Amino acid sequence: MDKSQDRSGRDGARSGALRLLAAVEEGATLDEAAALIEGAAPPDRARARRLAREVLRRQARADALLAPFLARRPRPEIQRILRLATVEMLALGEAPHGAVNAAVALARASGPKGQAASGMVNAVLRKVSASAETWVGLPPQHMPGWLRKPIVAAWGKPAARAIEAAHEAGAPLDLTPKAADCPGDALPTGSHRLPAGTQVSALPGYDAGDWWVQDAAAAMAVRVLDPQPGETVADLCAAPGGKTLQLATAGSRVTALDISESRLARVAENLARCGLAAEIVAGDALTWRPEEPLDAVLLDAPCSATGTIRRHPELPLIRDGAGLRDLTALQARLIDHALTLLRPGGRLVYATCSLLPAEGEEQLAAALSRHPGLTVEPPQAPGIQPGWITEQGGLRLRPDLWPERGGMDGFFIARLRKSA
Ligand SMILES: C[S@@+](CC[C@H](N)C(=O)[O-])C[C@H]1O[C@@H](n2cnc3c(N)ncnc32)[C@H](O)[C@@H]1O
C-alpha cells in the first residue's frame, strides 16, 4: 500500500467512525450502525469500528480535557471531531499534525458551520496535543449511575474504578480450543489469548473449526457445568452458540434452544464449521420441554450484558437500566422452568454476562429460597481462584480480574443441584 492510499484509508476510517458515533448518540448499537459504513472497503470498516470503540471508551475523558479550551460547547458534529482527534493523539499515539489536519478537513467538509468552526478546531487541537500530562491524570470515564451504584454497593469504589479502567483498556481476543492446536497464549482456565485487533479469519485453524472466539469468562459456564460424554444437556438460550460448541465438544447429547430463529442460524453455522452436532430447536425456554428429563441444563439467560462493556463500549451510553426489572423477573421464571426439566439429582448452571448483583448473586439467593431442595455446588474448574467464589458458592467474574493478563468479561455463574 502506498502512502496516499494509506492516508485515504485513514481518512475514510475517520469519517466512518464519526458516522458510527453519531448513530450511537441516536441510541444505536455499533452493530446496528454498521450498515452506515457498508460501502467502505473491509479494512476501512474494521478501522472505523475500532476508532469508534476507542472514542466511546474515552469520550467523557476527552470532553473533560477539551472543556477548558472551549468558550462554549460546540455543535455535536464538531464535538465528535474534537473527541476523535483527542483520542487519536493522546490515547492511540497518532502524530499531532496528521490528526489535527484530518480534524480540520473533516470540520470543513461537514458544511458551512463546520467551515466556520475549522479555525477553532485547529487552535483547540493544538492545545490538546500539548496536554498529554493532563490526559494521563484524568480518570477513566465513569459508568452511569444505574450501573455504578450497585457495583460500588457490592464491591466498593476502588473496584468500580478498577472496572472502569478495564472498560477503557478494551478486550483481547480469546479463543476456546476444540483441538490441541490453537493459536494464542494458553490461559490458566483453558482459553487461548491473542492481542486485541487480531484478524480472526487469518488465524490458522479457523476454516478447520479447531477453535472459536469466546471470552475467557464466557467459557467458564460450561467448564463449571462439566458436561460428560453421553449426558443429555439442554442449552436453553443458545445463540450464537459458543457454549453449545463447548457442550458438543465434551461429547454430550446437546439440545440448543433459542427463541430467535435468525440467531439460531449462527449456531448451525458454528456447529458446521467446527464439525460438531447438536439438535437445534427454535422455542421459548419458558415453556419448552424435552421428552425425557435431562441430566443437565445450561441457562445462559438474557441479561443487561453489562459484563461485555469492554467490547461494547456504547452500552452504558445507550442504556438507562429501565428494562432491568423485567429482565430479572424473566431470569427468575427461566430458572424455575429450567429446574423442572432436570431429572432428580440433575444440575443446572445459571449464568449471566452481567456486572449487576441483581442478575447474579441476588438471583441465586432468591432461587435458593424459592426451591428448598436446591443446593449450590462451588465451582470447580482449572484456573478458578478462591477469591472469585462468592460466599454463597457462585462464581463472580469481573473485568478487573487478571489485570496483568488483560482482564476478562463480567459474568456470574452458579452450579445448582436438584435434590435426588
Ligand atoms: C446471552 S445470549 C446467549 C449466548 C449464548 N449462550 C452463547 O454462548 O453464545 C441470550 C440468548 O437468549 C435468547 N433468549 C431470550 N429469551 C429467550 C427465551 N424466552 N427462550 C429462549 N431463548 C431466549 C436470545 O435470543 C439470546 O440468543
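Conventions used here
Residue positions are given per chain, counted from 1 along the sequence in the order it is written. Since the coordinates come from a predicted model, pLDDT governs what is reported: local features require at least 70, and pairs of side-chain atoms require 80 or more to be given and counted, while whole-chain, interface and lining totals use all residues. Every helix listed is a DSSP run of H or I at least four residues long, and every strand listed is a run of E at least two residues long, numbered separately from the N terminus. Throughout, a pair of residues is in contact if the C-beta atoms placed from their backbones lie within 7 Å. In this description, strands pair whenever DSSP reports at least two bridges between them. UniProt positions are given in the numbering used here, feature names are shortened, and annotations may be inferred rather than shown by experiment. In this text, near has one meaning. A residue is near a molecule or strand if its C-beta atom, placed using the backbone, is within 6 Å of it. In the scheme used here, Gly and all other residues not listed as nonpolar or charged are polar, with Ala, Val, Leu, Ile, Met, Phe, Trp, Tyr, Cys and Pro taken as nonpolar and Asp, Glu, Lys and Arg as charged. The burial label depends on the number of other C-beta atoms within 10 Å of a residue's C-beta. Counts of 20 or more mean buried, 12 or fewer mean exposed, and intermediate counts mean partly exposed, with C-beta atoms placed from the backbone. A clockwise course of the path from the first strand over the helix to the second, judged with the strands pointing away from the viewer, identifies a crossover as right-handed. Only the contacting stretch of a helix is used when fitting its axis, a line to C-alpha atoms as for every element, and angles between N-to-C directions run 0 to 180 degrees. An angle counts as roughly parallel when it lies under 35 degrees, as roughly antiparallel when it exceeds 145, as roughly perpendicular when it falls between 65 and 115, and as oblique in every other case. Each crossing is labelled by how the near helix is turned from the far one, with a counterclockwise turn of less than a right angle marking it left-handed and a clockwise turn marking it right-handed.

**Details of the overall build of the protein chain**
A count of helices and strands for the protein chain gives 16 helices and 12 strands. The dimensions of the protein chain, computed from C-alpha atoms along their principal axes, are 75 × 45 × 35 Å. Residue pairs at least 24 apart in sequence account for 69% of intrachain contacts in the protein chain once pairs closer than 6 positions are excluded.

**Some details on the sheet that holds strand β2 (residues 185-186)**
Pairing within the open sheet is antiparallel, and its four strands lie in the order β2-β3-β1-β4. Sheet topology places β2 and β4 (211-213) at the edges, where each strand pairs with a single neighbour.

**Side note on the UniProt feature "domain: SAM-dependent MTase RsmB/NOP-type" (unreviewed entry) in the protein chain**
Summarizing the sequence annotation, UniProt attributes the feature "domain: SAM-dependent MTase RsmB/NOP-type" (unreviewed entry) to residues 135-419 in the numbering used throughout. Across residues 135-419 one finds 30% helix and 20% strand; the C-alpha atoms that close the span lie 56 Å apart.

**Section: the site of the ligand**
Around the ligand, 18 residues are found, and the nearest of them are Cys237, Ala239, Ile259, Ala285 and Asp300. Elements that contribute at least two residues to the shell around the ligand include exactly α12 (242-249) and β6 (253-258). Here the residues of the shell around the ligand sort into 10 nonpolar, three polar and five charged.

**As for the pairing of strand β5 (residues 232-235)**
Residues Thr232 and Ala234 of β5 are buried on one face, and the alternating residues Val233 and Asp235, pointing to the opposite face, are buried as well. In the classification by handedness, the crossover that spans β5, the intervening α12 and the parallel β6 is right-handed.

**Examining the UniProt feature "active site" (unreviewed entry) in the protein chain**
Mapped onto this structure's residue numbering, the UniProt feature "active site" (unreviewed entry) falls at Cys353. Take cysteine 353: it is sitting in the loop between β9 (342-352) and α16 (361-370). On the basis of neighbour count, cysteine 353 is assigned to the buried category, with 25 C-beta atoms found within 10 Å. Excluding residues that lie within four positions of it along the chain, cysteine 353 makes contacts with Ala218, Cys303, Ala305, Gly307, Thr308, Asp409, Gly410 and Phe411.

**Points about the packing of helix α5 (residues 76-90) against helix α7 (residues 112-129)**
Their axes nearest at 10 Å, the elements α5 and α7 cross at an angle of 25 degrees. In this view, α5 runs roughly parallel relative to α7, as classed from their interaxial angle. Considering the relative orientation of α5 and α7, their crossing is right-handed. Residue-level inspection shows Glu77, Ile78, Ile81, Leu82, Ala85, Thr86 and Met89 of α5 in contact with α7, the latter providing Gly114, Ala117, Val121, Val124, Leu125, Val128 and Ser129. When its residues are assigned to classes, the contact of α5 with α7 shows 10 nonpolar, three polar and one charged.

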